[in-house]
Amino acid sequence: MTAGALGRRDFLKLSAGAGLWLAVSGPGRVLAAGPAASADGFEPSVWLHLAPDGTTTIFLGRSEMGQGSYTGMAVLVAEELEADWTKVRIVQGDADPKYGEMVTGGSRSVRSGFLPLRKAGAAAREVLLKAGAKRLGVPVRACRAQDGAIVHAASGRRLGYGELVADAARLPVPADPPLKDPKKFRLIGKRVPRLDTPPKVRGEAVFGIDVRVPGMLHATVARPPVRGGKVKGFDAAAAGKVPGVRKVVEVPSGVAVIADSTWAAIQGREALKATFEPGPNGALDGAAIARLLAGAKVDPEPSRSEGGDVQKALAGAAQRVQAVYELPLLAHATMEPMNCTADVRDGKAELWAPTQAPLWARTEVAKALGVPEAAVTVHVTFLGGGFGRRALPDFAVEAAQVSRAAGAPVQVTWTREDDMRHDFYRPPGRNELAAGLDAKGRLVAWHHVVRNPSIGQQLFGSARRRGDRPDTVEGAADVPYTAAVVRVDHALPEIGVPLGWWRSVYSSQNAFAEEVFVDELARAAGQDPLAFRLANLPRDSRLRGVLRLAASKAGWGKPPPAGHALGLACHASFGSYVAQVAEVSVRNGRITVHRVVCAVDCGTALNPDSVEAQAEGSVVYGLSAALRGEITVKGGAVEQGNFDDYEPLRMSEMPRVEVHLVPSNAEPGGMGEPALPPIAPAVANAVFAATGERLRALPLRPAKRTG
C-alpha cells in the first residue's frame, strides 16, 4: 500500500449509486445501501474523498468483524488530516486491488495501515493548507489545519475544507508529507468511541445474513460429512413436496435446496435424505490422528539450529527435562454462521459476503464460474465474527454456484451444525520438548519438535509460503529464552480434515507447550516461575516488561485467597508482547478461573479501549478452548454440531479480566490475536500450583479431585 496521487474520480463516477455501500457516518449511522461519495470534490488518494459540503469519506480496505477496524482505520486518516470527526463518513470498499491485499487477518490491519493511512491524511492536509493559504492571501506557514478547516492564526479567519476542495483538486499531492508529532495527537492513543457500536445496538448494521436483494431466494446445501466424500443419492421429489421449495440441484459442494425462505430450504433438505460415499478418509478417527501425529517423519532440515549438537548438549546437562504436549482440533464457532448472497446472471456475478479476504473470494468465484475477475463484484458486509474462518472463500464460491444453478439471486445460509461440521479447523498438534539445565538451574539446551499438520501445505501445496520455515513452527522457532544450544524441528503429518487459520494460528498451540514446559523447568530448577523466566530472557526482551507488570498487578509472590493459586505465562506474536497471570481454583475436578491479569505491550495503542476489548475477547475465546474446546472425529466425520456439545464459556463463568498497557511510542503491533496464546498455559500452570497435577493436554481436565 502506498499513499500518493492515486486519483479515484473515474471510480467514483462509475460506482455512484451502484451496489451496496456499507457505510458508517458520524455520529455512527449506518447506511445500509448508501451511495458512493460524490464524484465532485478532492480525491487525493484511494482512501479519501472530501466533498464540497465538508464531508470526509474514508474508504476501508479491511473488514469489520468486531475488532474495531472501521473506527481505527478512519482515525489514522482523520488524525493527520485534522478532519472534523463529526463529518467523517466511513465506507467499506468492495473487493478491489487498489486497496492492497484486503486480507483482515494476522492482526495486520493497524500494523500495515499505520503509516500509509496517516500519510494519506497528511498529504491531503498539506494540499488543503496550500489551497487555503492561497485563498486567504497569506503564507502557508501562517496557517494551520484544525477541525476540518484551514485557519489563519493571526486573524482567526478560517475556510472549511469543503470550501477548498475545488482549489485543492488542482494542486499536486505530495508523496511523502510530514507527519504530526505524536505529542500532538488528538485521536491516536485516545479512547475514541467506536462508530459501529450505535448501529449495532440499534439493529441497523448490515451483516451478511441481513442482506436482502430484489427477487432473492434462499438455499441450504447438504454436504458430504467426510472430506473427500461424494454424493451417493438423494430424493429430490420428496424435497420438492415441501411448501416453498423451488428447486433441488447438485453443486460441487453437495446438493442445494433452493426455496422461498431459509426455513423451507432447511425443511426441504431434511426431506432430501441425501446419502454420501465417505471417500478415502472414511476410517479416520481420533486414534488414527494421534498415530499420524506421533509417527510423522521429522524433516532433516531444522527450522532453527544454533550453538551445535543439541543432543550432545542435553546429554551433558546437569539436569534434563522432557515432556510431550497434545492439542485437539478446534472449530471457529463464529456467532454468525457462514452465509453469502450471490446473483450470477448474464456472465456476471455480484456477491454480498461477510468475508475476511474479498479479493481471494473474487478470484476463486471467477475461477469456479469461468468468468474474468472483472466480471465479479464482491461487496463486504459486517462480519459476525471471523477468527480466520471467514478468510476462506469456500462459502462465497458455493453461493455463486448455487445462484448460477438457480438463475436468480440466492442467499445460502449455513445452520450451526453446517458451520461446526464443515469448518476449516485449527490443526491438532503434538509438541515434544526437551531442555537441559546446568548446576545452577540455568537453561543451557532447548529442543522442540513440532508435529502439526500444515495449513499452508493443505491449502496451497507449501508449508513455506512466507519464508524458509514452515508455518507450523510459528510461535516455536523464535523461542524467546536464551540457551547455548537451540534446535527446533518439525514434522508435517497429513490428515484428512480441512484445516484453516484459527485465532492466533500456531501460536495458540506452540505457546501452550512452550510456556507450560518453561514452568516445568522452573520447578525442576527450584526457582520461582517468574524469576526463572526473567533470568532466561534477554535483557532487551519486551517480554520482561509485561511479565513484571502482570506479576505486580496480580500480586505475584503474595498469598492468594484460600483455595486459589496463580499461574503465569507470556508470549510474543504479531508484533505484540503479552503476559498473563491466571488465578484459579480446582474443586471436584472442575477448574474455575476467578481472575486474569493481562499486561500488553503493543507499541502505540491506537485506541486503548479497543486494545483492552481485544485482550478481553482473546481471554474468553482462549478460555473456551482451554477448558472445553475439542473437535472429535469418528468415521471421518466431525461429531460435534452445536453449542450443547461444543460449549463455550458461559457468562456466569467469565473471570474478572484486568488489562494493563505498557506505555509506548513504538510502531503498533497487532492486537486481535496476541492476548490469546498465554491464557491456556497460564491456567494450566495455575492448576499445577493448586493441585500439583501437571496438565499437558488440551482441553484441561484435572484427574485429581480437590476441595
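Looking at an unreviewed UniProt entry, one finds the protein chain named Molybdopterin-binding xanthine dehydrogenase, with Anaeromyxobacter dehalogenans as its source organism.

## Thoughts on the overall build of the protein chain
Counting its secondary structure elements, the protein chain contains 18 helices and 29 strands. For 707 residues, the compact-globule estimate of 2.2 N^0.38 gives 27 Å, and the protein chain sits close to it at 27 Å. In the protein chain, which comprises 707 residues, the proportion classed as buried is 59%. Look at the contacts in the protein chain between residues 6 or more apart in sequence, and 76% of them connect residues 24 or more apart. Carbon and sulfur atoms form 52% of the exposed surface of the protein chain, whose accessible area is close to 27200 Å². In the protein chain, 85 side chains carry a positive charge and 73 a negative one; their mean positions are 3 Å apart.

## Focus: the pairing of strand 12 (residues 245-251)
One ladder, built from six bridges, connects strand 12 with strand 13 (residues 254-259); its direction is antiparallel. Looking at strand 13, one finds that valine 245 is bridged to alanine 259. Hairpin geometry of strand 12 and strand 13 is characterised by an intervening segment of two residues between the two adjacent antiparallel strands.

## Concerning the environment of glycine 54
As for its position among the elements, glycine 54 is in the loop between strand 4 (48-50) and strand 5 (56-60). With 33 residues separating them in the primary sequence, glycine 54 and lysine 87 have C-alpha atoms 7.0 Å apart. Aside from chain neighbours lying at most four places away, what touches glycine 54 is Lys87 and Gly162.

## Overview of the sheet that holds strand 7 (residues 143-146)
If you trace the three strands from one edge of the open sheet to the other, you get 7-8-9, paired in antiparallel fashion. With one partner strand each, in any of the chains shown, strand 7 and strand 9 (158-160) form the two edges of the open sheet. Across the sheet, the mean angle from the axis of one strand to that of its neighbour is 20 degrees, orientation sign disregarded. Both strand 7 and strand 8 (residues 149-152) contribute to a ladder of four bridges, which runs antiparallel. The partner of arginine 144 across the bridge, within strand 8, is valine 151. Where helix 3 (residues 109-136) meets the sheet, its contacts fall on strand 7, strand 8 and strand 9, and the angle it forms with strand 7 comes to roughly 130 degrees. In the packing of helix 4 (residues 161-168) onto the sheet, contacts are made with strand 7, strand 8 and strand 9, and the angle to strand 9 comes to roughly 75 degrees.

## Description of the layout of surface pockets
Reported here for the second largest pocket is a volume of approximately 920 Å³. In terms of lining, the second largest pocket is formed by 41 residues, of which the most central are Pro252, Ser253, Asp394, Phe424 and Pro498. Counting residues per element, the ones that place at least two in the lining of the second largest pocket are strand 11 (230-233), strand 12, helix 10 (358-369), helix 11 (394-406), helix 13 (455-460) and strand 28 (637-638). Of the domains in this structure, domain 2 (208-280 + 338-413) and domain 3 (287-329 + 425-691) are the two that each give at least three residues to the lining of the second largest pocket.

Procedures and definitions
Per chain, the residues get numbers from 1 upward, laid out in the order the sequence is written. Reporting in this predicted model follows two pLDDT cut-offs: at least 70 for local features of residues, and 80 or more for side-chain atom pairs to be given and counted; totals over whole chains, interfaces and linings ignore these cut-offs and use all residues. Side-chain calculation: all heavy atoms of the structure are included, whereas hydrogens and water are not. Put simply, DSSP marks the helices as runs of H or I at least four residues long and the strands as runs of E at least two long, and each gets a number from the N terminus on. Here the radius of gyration uses the C-alpha set of atoms, whereas the globule reference equals 2.2 Å times the residue count to the power 0.38. Exposed residues in this analysis have more than 50% of their type's maximum accessible area, buried residues have under 20%, and partly exposed residues fall in between, with area computed by a 1.4 Å probe over protein chains only. For this analysis, residues touch if any pair of their heavy atoms sits within 4.5 Å. Exposure was quantified through the Shrake-Rupley algorithm and a 1.4 Å probe, taking into account, for residues, occlusion by the shown protein chains and nothing else. Neither His nor the chain termini are counted; the positive set is Lys and Arg, and the negative set is Asp and Glu. Where a charge lies is defined by one atom per residue type: Lys uses NZ, Arg uses CZ, Asp uses CG and Glu uses CD. The pairing criterion is simple: DSSP has to find at least two bridges between the two strands. Axis geometry follows a simple rule: fit a line to the C-alpha atoms, using only the stretch in contact for helices, then measure angles between N-to-C directions, giving values from 0 to 180 degrees. Only protein atoms enter the calculation, which uses a 1 Å grid: trapped sets of points that fit a 1.4 Å probe without letting it out are cavities, open sets showing protein on both sides within 12 Å along at least five of seven lines are pockets, and any residue with an atom within 4 Å of a point is a lining residue. Grid points are joined across faces, edges and corners, and a volume is the space filled by probe spheres set on the points. Domain start and stop positions are those given by an automatic or database domain assignment.

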